[in-house]
Amino acid sequence: MKVDRTLAVQVAAAVGAMLVGRDAITLDEVEQALPATLRAGKPSHKSMTKALAAAGWVGTRQPGGAVVYRAPEAMERDTATDGSPGIGHNGVHERLLSYFERVERLFEERKGINDDIADVFREAKNEGFDGHAMRTVLRQRAMVPEKRMEQFALVDMYATAIGLGASHAPADAEPDADAATDQSLSS
């Protein structure tokens, strides 16, 4: 995780430098403008989005779906001249628009995170690991140990009832031992 944080810090510094003198930028432009050494580290869209947000830039979805991040100064200039309803209309327009823009930014971040997760599964597959089995284990790890043991017992009971025999779930594992294992693996 320390390497990921270092990469995120380096991405943030590079993004900050590339914003100087610009009014607008897209994530694709950010990605292309990153130094090759940073691109080689495969920074996530989330880290780039966080760097833009930390600099005060606001993303808005354009017709066609692209998200363009704008400098706060550019946003103020546009707001002052676009004729949209303002304080005289209780700021309803701005508040509603702000909700949509926030959700759109979260969608963009979610897409970046989903892309990162897919990359990890692709890497694991390239090394011979089975993605379906990994997802199953991830779901099990997310369960409370007692619930997980209950689920294993039900699967064993059902498999035995239809003649498949017992599954390979650990029959003698104690919930406390699983909790300790979960703690050590999540650290």
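Above this note sits the structure.
Residues numbered from 1 in each chain as written. Predicted model: local features only at pLDDT ≥ 70, side-chain atom pairs only at ≥ 80, totals over all residues. Heavy atoms only, no water.

A. Representation of the sheet that holds strand β1 (residues 24-26) within the structure. Taking strand neighbours across the sheet as the criterion, the three strands line up as β1-β3-β2 in an open arrangement whose pairing is antiparallel. The strands lining the two open edges of the sheet, one partner per strand, are β1 and β2 (58-61). In this sheet, adjacent strand axes meet at a mean angle of 35 degrees when their direction is disregarded. As paired strands, β1 and strand β3 (residues 67-70) are joined by three bridges and run antiparallel to one another. Paired with Ile 25 across the bridge in β3 is Tyr 69. Sheet contacts for helix α6 (residues 92-126): β2 and β3; angle to β2, the most-contacted strand, approximately 90 degrees. (Pairing = 2+ DSSP bridges. Helix = DSSP H or I, 4+ residues; strand = E, 2+ residues; numbered from the N terminus. Axes fitted to C-alpha atoms, helices over the stretch in contact; angles between N-to-C directions. Contact = heavy atoms within 4.5 Å.)

B. Structural view of the packing of aromatic side chains. Applying the stated criterion across every chain, the model contains zero aromatic pairs. Here the guanidinium or amino end of Arg 135 rests over the ring plane of Phe 121, the centre of that ring lying 3.9 Å away. (Phe/Tyr/Trp six-rings, centres within 6.5 Å; stacked < 30°, edge-to-face > 60°. Lys NZ or Arg CZ within 6 Å of the ring centre and 35° of its normal.)

C. Region of the structure containing the pairing of β2. In terms of strand pairing, β2 meets β3 through four bridges, oriented antiparallel. Each bridged residue has a counterpart across the sheet, and for Arg 61 the counterpart in β3 is Val 67. Counted between consecutive antiparallel strands, the loop separating β2 from β3 contains five residues, among which Gly 64 sits at a positive phi close to 105 degrees.

D. Region of interest: unusual backbone geometry. Not every positive phi belongs to a glycine, and Lys 42 is a case in point at roughly 50 degrees. Mapped onto the secondary structure, Lys 42 falls in the loop between α3 (36-40) and α4 (45-54). Residue class for Lys 42 comes out exposed when judged on its relative accessible area of 63%. (Buried < 20%, exposed > 50% of the residue type's maximum accessible area, 1.4 Å probe, protein only.)

E. Region of the structure containing a nonpolar patch on the surface. On the surface, a nonpolar cluster with roughly 420 Å² of combined accessible area is contributed by Leu 96, Leu 97, Tyr 99 and Phe 100. Mapped onto the secondary structure, Phe 100 falls in helix α6. (Patch = residues over 30% accessible without salt bridge, like charges linked within 9 Å, V, L, I, M, F, W, Y side chains within 5 Å. Areas by Shrake-Rupley, 256 points an atom, 1.4 Å probe, with all protein chains shown as cover. Salt bridge = Lys/Arg side-chain N within 4 Å of Asp/Glu carboxyl O.)

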